[in-house]
Amino acid sequence: MQLENNKEIPAVNNLVEPQQWVHKYADYLYTFAFNRTNDEELSRDLVQETFLAALQGMNKFEGRSTESTWLTAILKNKIIDVYRRKSSGLINRKDAEFEQHNFFDQEDGHWNDAYRPQLFGIEHEDPVLNKEFIHFLQMCMQKLPSLWLSVFTMKHMDDESTKTICSELNVTPANFWVIIHRTKVNLRACLQKNWM
Amino acid sequence: MNRLKKIVYNCHKATFLIEKKQIGTITLREKIELKIHLAGCVICRIFQQQSILINRTVKELFQHRQMKLEDDFKKQLQQRIDEELTNQ
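Starting afresh in each chain, residues are numbered from 1 along the sequence in its written order. Here every chain gets a letter starting at A, and every ligand a number starting at 1, in the order they are written. In view of the model being predicted, local features appear only for residues whose pLDDT reaches at least 70, and side-chain atom pairs are presented and counted only at 80 or more, with totals across whole chains, interfaces and linings using the full set of residues. Calculation of side-chain values draws on the structure's entire complement of heavy atoms; hydrogens and water are dropped beforehand.

A.B. asks: So what exactly am I meant to see when it comes to the overall build of chain A here?
C.D. replies: Where helices and strands are cited, they refer to DSSP runs of H or I of at least four residues and of E of at least two residues respectively, numbered from the N terminus. Summing up its helical and strand segments, chain A has 8 helices and 0 strands in all. Helices and strands in chain A line up, N terminus first, as α-α-α-α-α-α-α-α. For every residue, the accessible area (1.4 Å probe, protein chains only) is compared with the maximum for its type, and the residue is labelled buried under 20%, exposed over 50%, or partly exposed between those bounds. Of all 196 residues assigned to chain A, the portion counted as buried reaches 48%. Here, residues are in contact when the closest pair of their heavy atoms is within 4.5 Å. In chain A, of all internal contacts separated by at least 6 residues, the share reaching a separation of at least 24 is 67%. With residues, only the protein chains shown are counted as cover, and all accessible areas are computed by Shrake-Rupley using a 1.4 Å probe. Taken as a whole, chain A presents about 11100 Å² of accessible surface, with 48% of it coming from carbon and sulfur.

See below:
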């Protein structure tokens, strides 16, 4: 850039318009964060941190992606940091309270009677139209251990590759599949318990 | 018990394959084993239906949700950004 050494020119990259960020992206980023953390206060903090980090880094932004994609990528990294913090180190209260069930017979792998799937009766409906079902689904998701929920969210909401999830959250591929399976079996059982 | 017999009677393994098949790949052999299991196991067929339902719901639900930050918080954010910009 020709004007790089000119001290008179403010160090604002003309590819970004920080004054417009709140107006253009705050709600979008807030929704993005809330969908992945289910925590309003944390989501507000994450939006603020994203804007501040973006202000720090905006001179490096080269416009290879849109402003919105760039901001979302910053937020995504911050959310992964939250996932990592939550699923490593000290076990939090929610994880400690999580009850492991024996869904299957340990000898032959049959469903144990108490946990056999039964039809919900809405298998062929559009689930998004069923507010009650969605309510239970969200409630049941929140009961999952943090690491499981992070894996589940990254896979289903963000369509991240298995490789990315494993490296970001530091789980082995074998453990990844065990988590995916246990998450679904637990989530489904929780839905059945509340729905029926 | 041979391998085929094992999967035919093993719902734990079958549900694992159901999950793996939905978001990854399973081998041809696993596909056949799963098919045989599901042909004879109505309970795992229900599991599969509901597993697909859950994945679909999660995806759709979050695509459509739109939330709003409170105006006060937005004002604070704007002020903070303006301050940072003048300090730069």
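Past the structure itself, the notes keep going.
A.B. asks: When you look at the environment of T57 of chain B in this model, what are you seeing that I'm missing?
C.D. replies: Within the secondary structure, T57 of chain B sits in helix 4 (residues 42–64). Look past the residues within four positions of T57 of chain B in its chain and what remains in contact with it is P127, V128, F133, I134 and L137 of chain A.

A.B. asks: Help me understand the nonpolar core, please; the structure alone is not making it clear to me.
C.D. replies: One broad trend across soluble globular proteins is that nonpolar side chains are buried collectively. One finds W21, F51, W70 and M141 of chain A to be the most contacted residues of the largest nonpolar core, which totals 68 residues. The biggest single contributor to this core is helix 1 (residues 21–37) of chain A, with 9 residues. Of the residues that make up this core, three or more belong to each of domain 1 (18–87) and domain 2 (93–195) of chain A. For W21 of chain A, the residues in contact, after removing those within four places along its chain, are V16, A26, F51, A54, L55, M58, E67, W70 and L71 of chain A together with I81 of chain B. Nonpolar core, defined: a set of buried Ala, Val, Leu, Ile, Met, Phe, Trp, Tyr and Cys residues in which side-chain atoms within 4.5 Å join the residues together. Where each domain starts and ends follows an automatic or database-derived domain assignment.

A.B. asks: What exactly am I supposed to notice about helix 3 (residues 67–87) of chain A here?
C.D. replies: For an α-helix the count is 3.6 residues per turn, leaving residues at separations of three or four pointing the same way. All names here are of chain A. For a helix, the expected span equals 1.5 Å multiplied by the number of residues minus one. When the terminal C-alpha atoms of helix 3 are compared, their 31 Å separation across 21 residues agrees well with the 30 Å that a helix rising 1.5 Å per residue should span. Residues of helix 3 that are buried: E67, W70, L71, T72, I74, L75, I79, I80, V82 and Y83. Check the buried side of helix 3 and you find it contacts helix 1, helix 2 (40–57), helix 6 (146–156) and helix 7 (162–169).

A.B. asks: In this structure, what is going on with the domain arrangement of chain A? I would like to understand it.
C.D. replies: Put simply, an interface is often sized by how much accessible area is lost when its parts join up. Residue and element names in this part refer to chain A. We note that the domain assignment places domain 1 (18–87) and domain 2 (93–195) within chain A. A separation of 27 Å is found between the C-alpha centroids of domain 1 and domain 2. In this assembly, 10 residues from domain 1 lie in contact with 12 residues from domain 2. Using a 1.4 Å probe, buried area is obtained as the accessible area two parts lose upon being combined, added over both of them. Between domain 1 and domain 2 lies a buried interface of about 1000 Å² when both sides are counted; carbon and sulfur atoms form 53% of it. Between K76 and E160 there is a salt bridge whose closest N-O contact spans 3.4 Å. Of all the secondary structure elements, the ones that give two or more residues to the side of domain 1 that touches domain 2 are helix 1 and helix 3. Charged means Asp, Glu, Lys or Arg here, nonpolar means Ala, Val, Leu, Ile, Met, Phe, Trp, Tyr, Cys or Pro, and polar covers whatever is left, Gly included. Residue classes in the side of domain 1 that touches domain 2 are distributed as 3 nonpolar, 3 polar and 4 charged. By convention in these notes, a salt bridge is any Lys or Arg side-chain nitrogen within 4 Å of a carboxyl oxygen on Asp or Glu.

A.B. asks: Mind showing me how you'd approach the environment of E30 of chain B here?
C.D. replies: All names here are of chain B. Looking at the element boundaries, E30 is found in helix 3 (residues 28–40). A residue is classified by how much of its surface remains accessible, and E30, at 15% relative accessible area, is buried. Spatially, the C-alpha atoms of E30 and I18 are 10 Å apart, while their sequence positions differ by 12 residues.

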